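Summary of structural features
Here's the letter readout for the chains.
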Amino acid sequence: MSVEIADVPDLPEGVAQHFREQGIEELYPPQAEAVEAGVAEGESVVASVPTASGKTLVAELAMLTSVARGGKALYIVPLRALASEKKAEFEAFEQYGVDVGVSTGNYDSDGDWLAQKDVIVATSEKVDSLVRNGAQWVDDLTCVVADEVHLVDDSHRGPTLEVTLAKLRKLNANLQTVALSATVGNADEIADWLDATLVDSTWRPIDLRKGVLYGQALHLDDGSQTQISRGNEKATAALVEDTLTDEGSSLVFVNSRRNAEAAARRLSDVTRDHLDPEERERLEDVAARIRDASDTQTSDDLADAVAKGAAFHHAGLASDHRELVEDAFRDRLVKVIAATPTLAAGVNTPSRRVIVRDWRRYDGDVGGMAPLDVLEVHQMFGRAGRPGLDPYGEAVLIANSHDELDELFDRYVWADPEPVRSKLAAEPALRTHILATVASGFADTEDELVSFLERTLYATQTDETGRLETVTENVLEYLERNEFLEREDGDLRATGLGHRVSQLYVDPMSAAEIVHGLRAADDRPTAFGLYHLVSRTPDMYELYLRSGDREEYTELAYERETEFLGSMPSEFEDSAFEDWLSALKTARLLEDWASELDEDAITDRYGVGPGDIRGKVETAEWLLNAAERLAGELDLEWGPAIREARKRVEYGVAEELLDLAGVRNVGRKRARRLYEAGVENRADLREADKSVVLGALRGRRKTAESILENVGRKDPDLTGVEAEGDASEDAAGASGDDGSGQQSLGDFE
């Protein structure tokens, strides 16, 4: 079946020519099959096809034809980084009259500005929050695309995607639903759930060879063997070296952050000998930008590896770090990335060879190492081979014995991926979604609620009669007990508090903990008490207690017991007390950040990466915003105290710097230097001697002018002004001050 791009009906004028200029004349077989199934004519389709087989084009054909017919399209992604990537891709169509918008933050807004956009890119959490907050334009959607729909299997994010799709389909009876999935074991069930035609294909534009390395022999799935020269090198290094001799790049998947960093350090000794002088120069520039992004050991270690052509990638990195690494890898400057599995489900980073070094990882549920799922390993495999750049892709596992060689072929190379299973019927997932379903008017009675839940994937998959009803009843009792819902004769009504919780997009259990804590306060809460309160909610991933931590934090708990909002559990309540101490450790990290402790000192003290600090800070900001709004809803007087604690953690500053740190481009370090130079607030900054300001900002003229302009100074020009003291551009370069308000996380997402 051959389909030309020119044969696709209803594309906006000029788009077919645009695709042809991109080299797309004839559609790939899975794309052609989707067109035959009516994806360009408003029909729902599930495309279960391998990575790099053209799924995005299927989505673009659906959305662009829907817009051309006068409709509005929504593209749902699992990650914020993917939202930015897809928006950049789709903006190519703006020249043909298609307006594109992206929305990822501010869960308590209605996103009205998106009403003017033709194509909207958002995470499933953001779409869920928009529905809860009554975004009117949601009713106008004609096409929704769910990228990576197999992630309904994920216990954290899956239920939100599942419920969001069910709500959108209930709101819009004729909604075209296009779901893009990796190859999974039960794509037909997903298609049945979405009333869609299934396009199920294993076709790839370039060949994917899969195999297992044992000793020096690489055994491939076509029965052939290749010799890999080992010398004294370990298996991974030998494979990377072999790929480099053919001018290819490698992705190495390992099972922990520490292993990713150690592997990158070792592999940089391999890659450095394959760099030409121009690549070395460009990599030095990338390394310098990595150091600028964060004053931490992690940042230095990453920069050291990148300068030699290798990198690591994991969730502990700051978003700036990850973007710099991904861009350098796509530009073929970085030759190898050692990554944890998060990269397999993330942004577009294909390579010649994928090496799955570790096929087991620690699993808390089993208390030890457990094999990875087939689907997860196949997602890693799917990163092998870059269309247009590589003649083939190769995915390799590493065996340490002959028996393991056979096991890896049976477990991963020959195996089909597991079926995707809904994770909705668990109380944490249903708590938030049942409250939102009632609060946003999708169900006014218990019967309507069960009827709505029957539209989910879980309901179509389960053979446990009555399980959904039982869990639903438990959740309704919890919501009623905490004054979020009222029930009478089968009728359901969200209270004012329940409506507010749903709009704020917090887990009702988090809201209950916050409400209980705020009501327990006799005096104005301290910032530390508030940080501890939000740290013990289910929405905050607490820091783990390491060996030796229990004694240290038990002592701290008694020292600061008067600041806690709510009663501390007894030491004899093992699990509850341990959770309390984990929250205490998290709260102390937030307090350290808000007391201007250097980022590198925080990473050392808590054994975390810069990305972890930023993640905790962002979550604390969001939960403290919710706490402030809940205090207002309950007429409690603690709003100003909560607002101050939130601002301090947002800017990472002590109380006296709040006014200064709020000026764009100032940030925590510059605010402190200005304050120590006698510039204590915005009013001072507008009137201060320019030489004093320039001196405090280490002679950075452009930065100083930008800050003066941002604070509203009438004459920000610093031409001819000399910095007071010995500040100079050179001193600034040595200070680690990057010229962009570094370490103020107000713009972090």
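So, a few notes on the structure that sits alongside this text. This is a predicted model, so every value here is computed, not measured. The numbering scheme is per chain: residues are counted from 1 as the chain's sequence reads. Local features in a predicted model are, by the rule used here, given only for residues with pLDDT of at least 70; side-chain atom pairs are given and counted only at 80 or more, and totals for whole chains, interfaces and linings are based on all residues. Only hydrogens and water are removed before side-chain values are computed, so all heavy atoms of the structure are retained for them.

Our next topic: the sheet that holds strand S6 (residues 176–181). Sheet strands pair via backbone hydrogen bonds, and the direction of the pair is either parallel or antiparallel. The 7 strands lie next to each other as S3-S4-S2-S5-S6-S1-S7, forming an open sheet whose pairing is parallel. Strands with a single pairing partner mark the edges of an open sheet, and in this sheet they are strand S3 (100–103) and strand S7 (197–200). Here the strands of the sheet are splayed against their neighbours by 15 degrees on average, with no regard to which way each runs. Between any two strands, at least two bridges found by DSSP are needed for them to pair. Each helix corresponds to a stretch of at least 4 residues labelled H or I by DSSP, and each strand to a stretch of at least 2 residues labelled E; elements are numbered beginning at the N terminus. Across 5 bridges, the pairing between strand S2 (residues 73–77) and strand S4 (residues 119–123) is parallel. Fitted lines through C-alpha atoms give the axes, limited to the stretch in contact for helices. The angle between two N-to-C directions lies from 0 to 180 degrees.

Right, let's talk about helix H9 (residues 257–271) for a bit. In this analysis, the expected span of each helix is defined as 1.5 Å times one less than the number of residues it contains. The end-to-end C-alpha separation of H9 is 20 Å, in line with the 21 Å expected for 15 residues at 1.5 Å each. Contacts between residues were defined by any pair of non-hydrogen atoms, one from each residue, lying within 4.5 Å. Looking at the buried side of H9, the elements it contacts are helix H8 (235–245), strand S11 (250–253), helix H11 (297–307), strand S12 (310–313) and strand S13 (336–339).

Moving on: the environment of Thr245. Within the secondary structure, Thr245 is located in helix H8. Each residue is assigned to one of three classes by its accessible area relative to the maximum for its type, calculated with a 1.4 Å probe on protein chains only: buried under 20%, partly exposed between the two thresholds, exposed over 50%. Among the residues examined, Thr245 registers a relative accessible area of 55% and is labelled exposed. Here the alpha-carbon distance between Thr245 and Leu492, two residues 247 residues apart in the chain, equals 67 Å. Of note is the side chain of Thr245, whose polar atom sits 2.6 Å from the backbone oxygen of Asp242. Any N or O atom pair separated by 3.5 Å or less is treated as a polar contact, with the protein-specific requirement of one donor-capable and one acceptor-capable atom, and with residues adjacent in sequence counted only for side-chain atom pairs.

For helix H6 (residues 158–171), which comprises 14 residues, the first-to-last C-alpha distance of 20 Å matches the rise-based estimate of 20 Å (1.5 Å per residue) to within 8%. When you tally the buried positions in H6, you get 12 out of 14 residues, the bulk of the element. Residues of H6 that are buried: Gly158, Pro159, Thr160, Leu161, Glu162, Val163, Thr164, Leu165, Ala166, Lys167, Leu168 and Arg169.

Excluding any residue in a salt bridge, patches collect residues exceeding 30% relative accessible area, merging like charges within 9 Å and nonpolar Val, Leu, Ile, Met, Phe, Trp and Tyr side chains within 5 Å. Accessible surface is estimated by sampling points in the Shrake-Rupley manner with a 1.4 Å probe; for residues, cover comes only from the protein chains shown. Salt bridge, as used here, is a side-chain nitrogen of Lys or Arg placed within 4 Å of a carboxyl oxygen of Asp or Glu. Only four residue types enter the tally: Lys and Arg on the positive side, Asp and Glu on the negative side; His and the chain ends are excluded. Taken as the charge location is NZ of Lys, CZ of Arg, CG of Asp or CD of Glu. Together, Asp444, Asp447, Glu448, Glu488, Asp489 and Asp491 line one region of the surface with negative charge. Along the polypeptide, Glu488 turns up in strand S18 (residues 485–488).

With respect to topology, 8 strands assemble into an open sheet ordered S10-S9-S8-S17-S14-S11-S13-S12, the strand pairing being mixed. Of all strands in the sheet, those with a lone pairing partner are strand S10 (225–227) and S12, marking the two edges. Put simply, the sheet's adjacent strands are angled 25 degrees from each other on average, direction ignored. Relative to S13, S12 runs parallel, the two being bridged by 4 bridges.

Further remarks concern the pattern of salt bridges. If you walk through the whole model with that rule in mind, you get 50 salt bridges. Among the salt bridges present, the one from Glu618 reaches Arg80, with a minimum N-O distance of 2.9 Å. Taken together, the residues span a long stretch of sequence, with Glu618 in helix H25 (residues 610–633) and Arg80 in helix H4 (residues 80–90) at a distance of 538 residues. Accessibility expressed as a relative area gives 26% for Glu618, which makes it partly exposed. Classification of Arg80 by relative accessible area gives partly exposed; the value is 22%. Measuring nitrogen to oxygen at the nearest pair gives 3.5 Å for the salt bridge that ties Arg272 to Asp269. Several salt bridges converge on common partners, so that one network encompasses Arg209, Asp242, Arg353 and Glu394.

Geometry only, nothing functional implied.
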